[in-house]
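So you can see what is in the structure, the chains are spelled out below.
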Amino acid sequence: MLAATYSIVAFDPSRREWGVAVQSKFLAVGALVPWLEVKVGAIATQAWMNVAHGSNGLALLREGRSAQETIDQLVENDTDRDNRQLGIVDRLGRAATFTGGACLPWAGGRAGEGYAAQGNMLVSADTLAALTLSFETSAGRPLAERLLMALDSAQSTGGDRRGQQAAALKVVAPGSGYGGCDIVVDLRVDDSQQPVSELARLYELHQLYFGSTPEEEWVSSNAQLQSELAAALATLGYASGDFAKDLDTWAGTENFEERVNGTERLDPVVIEQLRTRRAL
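No experiment lies behind these values; they were computed from the predicted model shown.

Reading the values: rules and limits
Residues numbered from 1 in each chain as written. Predicted model: local features only at pLDDT ≥ 70, side-chain atom pairs only at ≥ 80, totals over all residues. Heavy atoms only, no water. Helix = DSSP H or I, 4+ residues; strand = E, 2+ residues; numbered from the N terminus. Buried < 20%, exposed > 50% of the residue type's maximum accessible area, 1.4 Å probe, protein only. Polar contact = N/O pair within 3.5 Å; in protein donor to acceptor, adjacent residues only side chain to side chain. Salt bridge = Lys/Arg side-chain N within 4 Å of Asp/Glu carboxyl O. Pairing = 2+ DSSP bridges. Axes fitted to C-alpha atoms, helices over the stretch in contact; angles between N-to-C directions. Contact = heavy atoms within 4.5 Å. Expected span 1.5 Å × (residues − 1). Parallel < 35°, antiparallel > 145°, perpendicular 65-115°, else oblique. Left-handed = near helix turned anticlockwise from the far one by under 90°. Nonpolar A, V, L, I, M, F, W, Y, C, P; charged D, E, K, R; others polar.

Peer 1: Quick question: what am I supposed to make of the side chain of Asn120 here?
Peer 2: Along the chain, Asn120 turns up in the loop between β9 (115-119) and α3 (125-136). With relative accessibility at 1%, the residue Asn120 sits in the buried group. In terms of polar contacts, Asn120 uses its side chain to reach the side chain of Gln85, at 2.8 Å.

In structure tokens, the structure reads:
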């Protein structure tokens, strides 16, 4: 199964996040290339893809193997290794990449501090250079944003020489996702003429619904603000007369429940959404 593609796997030690981002002229590439497990590592398996390298690689990482040791064992036992491409970061952020000698040009990879980037059947080596430069110069931002920016930079220099079709972004971290789960972001664009741009649009929606505003930026509630928001809720069909109940019901209906925690302090995103929706 040929997945001509470019991808980046990475680790953020400050947030304890592992992530994979990928783009390819390959339908639903996000279903097969990225493999992640919190506190274990992240893998991208591509080119003449051996999907088993994903699950088998995570098993080796789970045993405590390093990224390089994992790649070495996977390719040692693979008779078609010359057609494979792999990128891995382990639980400590050690990174390694592998490109078989028979991968279609341009093909290659680079491992740096906390990341491994790789691509095959690319327009040129400039795609990989842009992928790595973007990631290296975006330190300090959330890992998901860095990975998206890297995909965009790579695409702007040519990307997959066959064109675009699908892209995916996955990030995991201990207890940092919805409801305290480990899935921070898991987004896919399976078939699009501009999958990287569409992935960025989906990420913006993800942040709106499931992102978080620092507690110090939440707004202290008062009677005037609650009256204004109660009126907004009423125009949207939530008019029981109990502000707290109406706010919770609206938030649960519109998927903003992670942004509501009582009525004494309010997330500014919630305030803006209610004001905007009342004005529509």
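Peer 1: Even after reading the chapter, I still don't get unusual backbone geometry, so can you show me in this structure?
Peer 2: Trans peptide bonds make up most of the peptide bonds, and negative phi angles are found at most residues other than glycine. With an omega of -10°, the peptide bond between Pro105 and Trp106 qualifies as cis. In this structure, Arg16 takes a positive phi of about 55° despite not being glycine. For Arg16, the position within the fold is in the loop between β2 (5-12) and β3 (17-24). Residue classification places Arg16 among the partly exposed residues on the basis of a relative accessible area of 35%. Even without a glycine there, the phi angle at Asn255 is positive, about 70°.

Peer 1: What's the story with the pattern of salt bridges in this structure? I'm lost.
Peer 2: Side chains that differ in charge, positive against negative, can pair when their charged atoms come close. As enumerated under the stated definition, the model contains 14 salt bridges in all. A salt bridge links Arg84 to Asp80; its shortest N-O distance comes to 3.9 Å. The exposure class assigned to Asp80 is partly exposed, which follows from its relative accessible area of 36%. Here the salt bridges do not stand alone but share partners, grouping Asp78, Asp80 and Arg84 into one network.

Peer 1: What am I meant to see in the sheet that holds strand β11 (residues 183-189) here?
Peer 2: Where strands meet in a sheet, backbone hydrogen bonds hold them as pairs that are either parallel or antiparallel. Overall, antiparallel pairing links the six strands, which are arranged β8-β9-β2-β3-β10-β11 in an open sheet. With one partner strand each, in any of the chains shown, β8 (108-112) and β11 form the two edges of the open sheet. Neighbour-to-neighbour, the strand axes of the sheet open up by a mean angle of 5°, direction not taken into account. Running over the sheet, α3 touches β2, β8 and β9 and is turned about 160° from β9. Of the strands in this sheet, β2, β3, β10 (166-172) and β11 are in contact with helix α4 (residues 143-156), which crosses β3 at around 25°.

Peer 1: In this structure, what is going on with the pairing of β2? I would like to understand it.
Peer 2: Put simply, side chains in a regular strand alternate between the two faces of the sheet. Judged by how many residues are buried, β2 sits mostly within the fold: eight of eight residues are covered. Covered by surrounding structure in β2 are Thr5, Ser7, Val9 and Phe11 together with Tyr6, Ile8, Ala10 and Asp12, the residues of both alternating faces. As paired elements, β2 and β3 share eight bridges and run antiparallel to each other. In the sheet register, Phe11 faces β3, and the bridge partner there is Trp18. Counted along the chain from β2 to the antiparallel partner β3, the turn is four residues long, and its residue Arg16 has a positive phi close to 55°. Judged from the five bridges that link them, β2 and β9 form a sheet pairing that is antiparallel. When the sheet's bridge partners are listed, Ile8 is paired in β9 with Ala117.

Peer 1: How do you make sense of the side chain of Asp78 when you look at a structure like this?
Peer 2: Following the sequence through the fold, Asp78 ends up in the loop between α2 (67-76) and β6 (84-90). Polar side-chain contacts of Asp78 include one of 2.7 Å to the side chain of Arg84. Residues within four places of Asp78 in sequence aside, it is in contact with Asn50, His53 and Arg84.

Peer 1: Looking at this model, I keep getting lost on helix α8 (residues 268-279). Mind explaining?
Peer 2: Since the α-helix packs 3.6 residues into each turn, any two residues three or four apart lie on the same face. Under the 1.5 Å per step criterion, the end-to-end length of α8 is 17 Å for 12 residues, consistent within 8% with the ideal 16 Å. Inspection of α8 places Val269, Val270, Ile271, Gln273, Leu274 and Arg277 among the buried residues, and these make up the whole buried set. Check the buried side of α8 and you find it contacts α5 (195-210), β12 (219-220), α6 (223-235), α7 (243-254) and β13 (265-266).

Peer 1: Can you walk me through the packing of α6 against α8 in this structure?
Peer 2: How two helices sit against one another is set out by the angle between their axes and by the gap between those axes. Their axes nearest at 9 Å, the elements α6 and α8 cross at an angle of 50°. Viewed along their axes, α6 and α8 adopt a mutual orientation that is oblique. The interaxial crossing formed by α6 with α8 has left-handed handedness. Where α6 approaches α8, its residues Leu225, Glu228, Leu229, Ala231, Ala232, Leu233 and Thr235 are matched on the opposing element by Ile271, Leu274, Arg275 and Arg278. A class-by-class count of the residues in the contact of α6 with α8 yields seven nonpolar, one polar and three charged.

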